[in-house]
Amino acid sequence: QHKFWETQPVGQFKDVGNSSLPEGPIEQPTLLSEVKQEPYNLPNLYEWTVCDMDSDDVCNEVYVLLTNNYVEDDDNLFRFNYSKEFLRWGLRPPGYFRSWHIGVRVKASKKLVAFITGVPVKMRVRDEVVQMAEVNFLCVHKKLRSKRLAPVMIKEITRRIHLENIWQAAYTAGVLLPTPLATCQYWHRTLNPKKLIDVGFSRLGDRMTMSRAIKLYKLPSSTVTPGLRKMEARDVPAVTRLLRDYLSRFVVAPTFDDAEVEHWLLPQENVIESYVVECLETREITDFFSFYTLPSSILNNPNYSTLKAAYTFYNVSTSTPLVQLTQDALIIAKQKDFDVFNALDIMENEPFLKELKFGRGDGQLYYYLYNYRLRDALRPSELGLVML
Ligand code: MYA
Ligand code: JJ1
């Protein structure tokens, strides 16, 4: 069934429900001197390359590879279109390793045909904080699919992560593999009903007309929360405190310090938006929300080429109800001309999804840990981790 994944230190399907297995690392670290020192072998026509994301040319090559070959929906109508600025943001957090930005080139032409990345993260699992890698952007050119290149790439990034003395990883995928930490559902809040219907992202249901849809999804023209403003550098310490306290409630969540909050949450045009609520009397930061910009290419539509989507990121509410905070996020996303606002059913999102007229998507997102076993899968609401 899973000739590759059966050989890896991940929870196996045959062990699901076996509560005699202990929680924690599946295999023990080895000495760094015992980690394989040479890269894994690629088929002869190909070679490894480190993708220097500081270089505009390399960043552009990665962008083009992903734009043409990365994740699509089930009906191949849309393909994720991460921007260059987004890739730079996502791949260069504090403490990142250049050696974890791995490409595969055709030896003869130097054309970039595959990619995989890791970034470091301190992940808390129950009461243990474990240094991990978040692995993302695994992509093999469409013409090289089903040649077992992906397992070689996964083994190679594992080796390079081990060389930094890190032995666990977290990753997400739209496909079911052995075995999910959690199975999460995508939800979508329509902002631009006409376009979403025109491009096949959504359809008019029974007894729904275009004008009724437009009315249904209408939002106030300005935000409602007093003291709401864009996050600034001076807010970092307060936001870090709010976020650390909040994430401590979940079974699995990253831990962020000030430098990481600055990196992951300070607003960057067309990449990440964050807003705080500053109490008008005390000047305290009481709440914040954030969302990132991830457009999708619309494949084969005569009228439109990109779908502008916002994805909810980290949100913390201590004084403004989360529903109201998220409604303000929707209003801002609408003002910024997003077509749709997306969310997963993780953290405390479930209650606001229904209330704010999100609809269930046809996609699921499976979360996984590498070399770390949990006795049972988590409910989405027990997960405090968002991956890009
Ligand atoms: S998820 C996004 C993945 N990318 C895409 O979906 C983009 C479009 N698709 C492609 O580019 C290709 O189809 C990919 C597979 C590259 C996905 N995660 O080479 P193959 C297994 C893990 O013949 P291809 C993301 O980026 C498959 O079950 N494994 O197949 C997170 C089979 O193994 P087995 C996957 O289609 C990535 C084998 O690969 C995935 O040409 C996390 C077939 O290989 C997948 N998404 O290429 C990676 N899809 O026989 C794991 C297929 O056993 C990281 N497969 O079933 C693990 C942690 C590592 C670090 C550890 C540190 C300590
Ligand atoms: O975007 C997704 N689905 C959309 C479009 C579906 C088009 C036909 N397949 C969707 N639209 C319905 C919205 C509608 C709005 C009004 C109310 C009712 C609902 O469902 C899906 C998620 O749902 N996205 C994907 O399938 C993309 C891949 C997801 C896996 C991502 C893998 C992550 C990579 C590693 O980090």
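Residues numbered from 1 in each chain as written. Chains lettered and ligands numbered in written order. Predicted model: local features only at pLDDT ≥ 70, side-chain atom pairs only at ≥ 80, totals over all residues. Heavy atoms only, no water.

Undergrad: Help me understand the site of ligand 2 in this model?
TA: Neighbouring ligand 2 are 24 residues, the closest being Asp73, Asp75, His188, Phe201 and Asp362. Contacts to ligand 2 include Asp73, whose side-chain N or O atom sits 2.6 Å from a nitrogen atom. Residue Asp75 places a side-chain N or O atom 2.6 Å away from a nitrogen atom belonging to ligand 2. Starting from 870 Å² of accessible surface for ligand 2 in isolation, the protein chains cover 84%. Residue assignment for the shell around ligand 2 shows that the elements contributing at least two residues are strand E2 (78-80), strand E7 (182-190) and strand E17 (358-370). Looking at the shell around ligand 2 residue by residue, the classes come out as 10 nonpolar, 10 polar and 4 charged. Per-domain counts for the shell around ligand 2 show at least three residues from each of domain 1 (5-171) and domain 2 (183-382). (Near = heavy atom within 4 Å. Polar contact = N/O pair within 3.5 Å; in protein donor to acceptor, adjacent residues only side chain to side chain. Areas by Shrake-Rupley, 256 points an atom, 1.4 Å probe, with all protein chains shown as cover. Helix = DSSP H or I, 4+ residues; strand = E, 2+ residues; numbered from the N terminus. Nonpolar A, V, L, I, M, F, W, Y, C, P; charged D, E, K, R; others polar. Domains from an automatic or database assignment.)

Undergrad: Just to check I follow, could you spell out the environment of Val175 for this structure?
TA: Turning to its location among the elements, Val175 is positioned in the loop between strand E6 (168-173) and E7. Val175 sits in the partly exposed class, given a relative accessible area of 49%. Taking the C-alpha atoms as reference points, Val175 and Asp376, separated by 201 residues in sequence, lie 19 Å from one another. For Val175, the residues in contact, after removing those within four places along its chain, are Tyr366 and Tyr368. (Buried < 20%, exposed > 50% of the residue type's maximum accessible area, 1.4 Å probe, protein only. Contact = heavy atoms within 4.5 Å.)

Undergrad: How do you make sense of the sheet that holds strand E12 (residues 296-298) when you look at a structure like this?
TA: Within a sheet, each strand pairs with its neighbour through backbone hydrogen bonds, oriented either parallel or antiparallel. As summarised here, the arrangement of the 3 strands in space is E2-E12-E13, forming an open sheet in which the pairing is antiparallel. The open sheet has two free edges, formed respectively by E2 and strand E13 (306-307), since each of these has just one partner strand. Pairing of E12 with E13, which is carried by 2 bridges, proceeds in the antiparallel orientation. Note that in E13 the partner of Ser297 across the bridge is Thr306. Each of E2 and E12 is contacted by helix H1 (residues 56-69), which is oriented at about 150° to E2, the strand it contacts most. (Pairing = 2+ DSSP bridges. Axes fitted to C-alpha atoms, helices over the stretch in contact; angles between N-to-C directions.)

Undergrad: Honestly, the pattern of salt bridges in this entry has me stumped. Any pointers?
TA: Where side chains of opposite charge bring their charged atoms close, a pairing between them can arise. In the structure shown here, the tally under the stated rule is 25 salt bridges. Glu278 is paired through a salt bridge with Arg283; the nearest N and O atoms lie 3.5 Å apart. Where salt bridges share partners, they join Arg229, Glu232, Arg234, Asp235, Glu278 and Arg283 into one cluster. (Salt bridge = Lys/Arg side-chain N within 4 Å of Asp/Glu carboxyl O.)

Undergrad: What am I meant to see in the side chain of Asn301 here?
TA: Take Asn301: it is sitting in the loop between E12 and E13. Separated by 2.8 Å, the side chain of Asn301 and the backbone nitrogen of Asn303 make a polar contact. Here the side chain of Asn301 touches Tyr304 through a polar contact of 3.0 Å, landing on its backbone nitrogen. In this structure, Asn301 is in contact with Asp198 and Val199, ignoring residues within four places of it in sequence.

Undergrad: Would you explain the domain arrangement of the protein chain in this entry?
TA: Quoted interface sizes are often the accessible area lost when the parts come together. Annotation of the protein chain at the domain level lists domain 1 (5-171) and domain 2 (183-382). A C-alpha centroid distance of 26 Å is found between domain 1 and domain 2. Contacts between domain 1 and domain 2 engage 47 residues on the former and 43 residues on the latter. It is Phe78, Trp89 and Arg124 that lose the most area in domain 1 upon contact with domain 2, and together they represent 20% of the buried surface on that side. When contributions to the side of domain 1 that touches domain 2 are tallied by element, the ones reaching two or more residues are E2, helix H2 (84-91), strand E4 (112-125), strand E5 (128-140) and E6. It is E4 that provides the largest number of residues to the side of domain 1 that touches domain 2, a total of 5 residues. Of the residues assigned to the side of domain 1 that touches domain 2, the class counts are 25 nonpolar, 10 polar and 12 charged. (Buried area = accessible area lost by both parts, 1.4 Å probe.)

Undergrad: When you look at the site of ligand 1 in this model, what are you seeing that I'm missing?
TA: Near ligand 1 lie 32 residues; those nearest to it are His2, Trp5, Leu138, Ser146 and Ala150. In this structure, an oxygen atom belonging to ligand 1 sits 3.3 Å away from a main-chain N or O atom of Phe137. At 2.7 Å, a backbone N or O of Leu138 approaches a nitrogen atom of ligand 1. When ligand 1 is considered free in solution it has 1,200 Å² of accessible area, and contact with the protein chains removes 88% of it. Within the residue set of the shell around ligand 1, elements represented by two or more residues are E5, helix H3 (149-162) and E6. Among the elements that make up the shell around ligand 1, the one with the highest residue count is H3 (7 residues). Partitioning the shell around ligand 1 into residue classes produces 20 nonpolar, 8 polar and 4 charged.

Undergrad: Hey, could you run me through the packing of H1 against H2 in this one?
TA: Two numbers describe a pair of packed helices, the interaxial angle and the distance between the axes. Orientation of H1 relative to H2, taken along the N-to-C sense of each, is 105°, at an axis distance of 9 Å. Comparing their axes, H2 and H1 come out roughly perpendicular. Contacts from Asp56, Cys59, Asn60, Val62, Tyr63 and Leu66 of H1 reach H2 at Lys84, Leu87 and Arg88. Residues belonging to the contact of H1 with H2 are distributed by class as follows: 5 nonpolar, 1 polar and 3 charged. (Parallel < 35°, antiparallel > 145°, perpendicular 65-115°, else oblique.)

Undergrad: It is not clear to me how the packing of helix H6 (residues 236-247) against helix H7 (residues 258-265) should be interpreted in this structure. Could you clarify?
TA: Between H6 and H7, whose axes approach to 9 Å, the crossing angle comes to 100°. With respect to each other, H6 and H7 are oriented roughly perpendicular. Residue-level contacts link Val236, Pro237, Val239, Thr240 and Leu243 of H6 to Asp258, Val261, Glu262 and Leu265 of H7. For the contact of H6 with H7, the class distribution of residues is 6 nonpolar, 1 polar and 2 charged.

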